[in-house]
Amino acid sequence: MGFTCGIVGLPNVGKSTLFNALTATIAAQAENYPFCTIEPNVGRIAVPDARLDQIATLAKSAKITPTQIDFADIAGLVRGASTGEGLGNQFLGHIREVDAIAHVVRCFEDENITHVEGKIDPISDIETIDTELMLADLESLERRSENLIKKSRGNDKEAIATLAMVEKIIDALKKGKPARSVEAQFEDKALFKGLQLLTAKPVMYVCNVNEEDAATGNKFSSRVADHAATEGAVYVVISAAIEAEIAQLTDDEERSEFLESLGLEQTGLSRIIGAGYQLLGLITYLTAGPTESRAWTITEGTKAPQAAGVIHTDFEKGFICAETISFDDYIDCDGENGAKDAGKMRQEGRDYVVKDGDVILFRFNV
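The structure reproduced in this document is the subject of the present report. (Residues numbered from 1 in each chain as written. Predicted model: local features only at pLDDT ≥ 70, side-chain atom pairs only at ≥ 80, totals over all residues. Heavy atoms only, no water.)

1. Description of the pattern of salt bridges
Under the criterion given, the structure shown has 12 salt bridges. Across the pair Arg143 and Glu139 runs a salt bridge whose closest N-O atoms are separated by 3.3 Å. Placement of the pair is Arg143 and Glu139 together in helix 4 (residues 122-153), with a separation of four residues, close to one helical turn. Look at Glu139 and you get partly exposed, because its relative accessible area is 40%. Salt-bridge contacts for Lys303 lead to Asp351; the nearest nitrogen and oxygen are separated by 3.8 Å. (Salt bridge = Lys/Arg side-chain N within 4 Å of Asp/Glu carboxyl O. Helix = DSSP H or I, 4+ residues; strand = E, 2+ residues; numbered from the N terminus. Buried < 20%, exposed > 50% of the residue type's maximum accessible area, 1.4 Å probe, protein only.)

What follows is the structure in structure tokens.
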């Protein structure tokens, strides 16, 4: 499963520089002018997971396959995007297709890089983007409500339920609140998701700071942190410039030494992925054997048959059981055979909720 994360923000905040670094490519132009990225560039990258390497070593796997994440670099939005300003309608359409939004906020000063608003004010930047997304959603829902009202008069039950939801969301948007702020009020999550609202997308704020502020943040990123706290949102502090340097380092030891010299424990990529998994409630389970060790991404709370279905639909249809070893037990017992001998392998049934790091062998029959 994995997920698609759309990188958005005002022009010249470091979106494309970050995209290039995260995907270790130069596919997206990183130029000092608005709209240099007209179509969303998409980069698929492996999700770093040290656990996968450890189980592969014990299983003597010939192949290692990590789970993946797609990053989509979406061109910079500007004030008026909801009415088409700066090709806004086209860009807003691209945002509808992603699972989560990484909102890159400029938290650095550099007189050589112009700011589209003429000042460094991360909260104002966030409000500009939020306003455009809310206006676009408001216009979409108000158009839709006209047809729903007509159908409701004919006692169309689905239209009545949808209209009630739409009216509550419209009320929230008019108060300056995104659609996700009222999602908890609705039992029918599928109906809510089906509205395909921009402001229903979960958001993480990515504070792009100068290199010297990467480890500690600065006054600008602190303001974003406070803002995120009021929304119950996730935020990450990174330096796109540092990530660009890391992307050039191919040796793991050299990369670790570079990070250590900057007072960093992880790359920005790892922190963004971690925040994304937290945001979407995702976890990873593992499969291991002599042919391949592989990581699989599922939603937290997924039961064993549905987790098996991520590998192949036949696994879910013919599910018998999930032979499960926790990651810690797999390592402590030197692999599958040791875990079996120690009584650490469990046969789990249909109601078992898969845990993060579980090493699983699915038994099925079709």
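2. Some details on a negative patch on the surface
Side chains of Asp251, Glu253, Glu254, Glu257 and Glu260 sit close together on the surface and give a patch of like negative charge. If you trace the backbone, Glu253 turns up in helix 9 (residues 252-261). Classification of Glu253 as exposed rests on a relative accessible area of 55%. (Patch = residues over 30% accessible without salt bridge, like charges linked within 9 Å, V, L, I, M, F, W, Y side chains within 5 Å. Areas by Shrake-Rupley, 256 points an atom, 1.4 Å probe, with all protein chains shown as cover. Lys, Arg positive; Asp, Glu negative; His and termini not counted. Charge placed at Lys NZ, Arg CZ, Asp CG, Glu CD.)

3. Remarks on the packing of helix 1 (residues 15-23) against helix 8 (residues 240-247)
Two numbers describe how helix 1 lies on helix 8: the axes approach to 8 Å, and their chain directions differ by 30°. Here helix 8 runs roughly parallel to helix 1, going by the angle between their axes. Relative to helix 8, the crossing made by helix 1 is left-handed. Residue-level contacts link Thr17, Leu18 and Ala21 of helix 1 to Ala240, Glu243, Ala244 and Ala247 of helix 8. Here the residues of the contact of helix 1 with helix 8 sort into five nonpolar, one polar and one charged. (Axes fitted to C-alpha atoms, helices over the stretch in contact; angles between N-to-C directions. Parallel < 35°, antiparallel > 145°, perpendicular 65-115°, else oblique. Left-handed = near helix turned anticlockwise from the far one by under 90°. Contact = heavy atoms within 4.5 Å. Nonpolar A, V, L, I, M, F, W, Y, C, P; charged D, E, K, R; others polar.)

4. With respect to helix 7 (residues 219-231)
Note that an α-helix has 3.6 residues per turn; residues three or four places apart therefore point the same way. With 13 residues, helix 7 ought to run about 18 Å at 1.5 Å a step, and its terminal C-alpha atoms sit 19 Å apart, in line with that. For helix 7, the full list of buried residues reads Phe220, Ser221, Val224, Ala225, His227 and Ala228. Burial along helix 7 is one-sided: seen end-on, the buried residues are contained in an arc of 165°. With respect to the buried face of helix 7, the exposed residues turned more than 90 degrees away are Lys219, Asp226, Ala229 and Thr230. Tucked into the core, helix 7 has its buried residues touching strand 5 (100-106), helix 4, strand 6 (203-208) and strand 7 (234-238). Backbone geometry just downstream of helix 7 places Gly232 in the positive-phi region, at approximately 70°. (Expected span 1.5 Å × (residues − 1). Arc of directions from axis to C-beta.)

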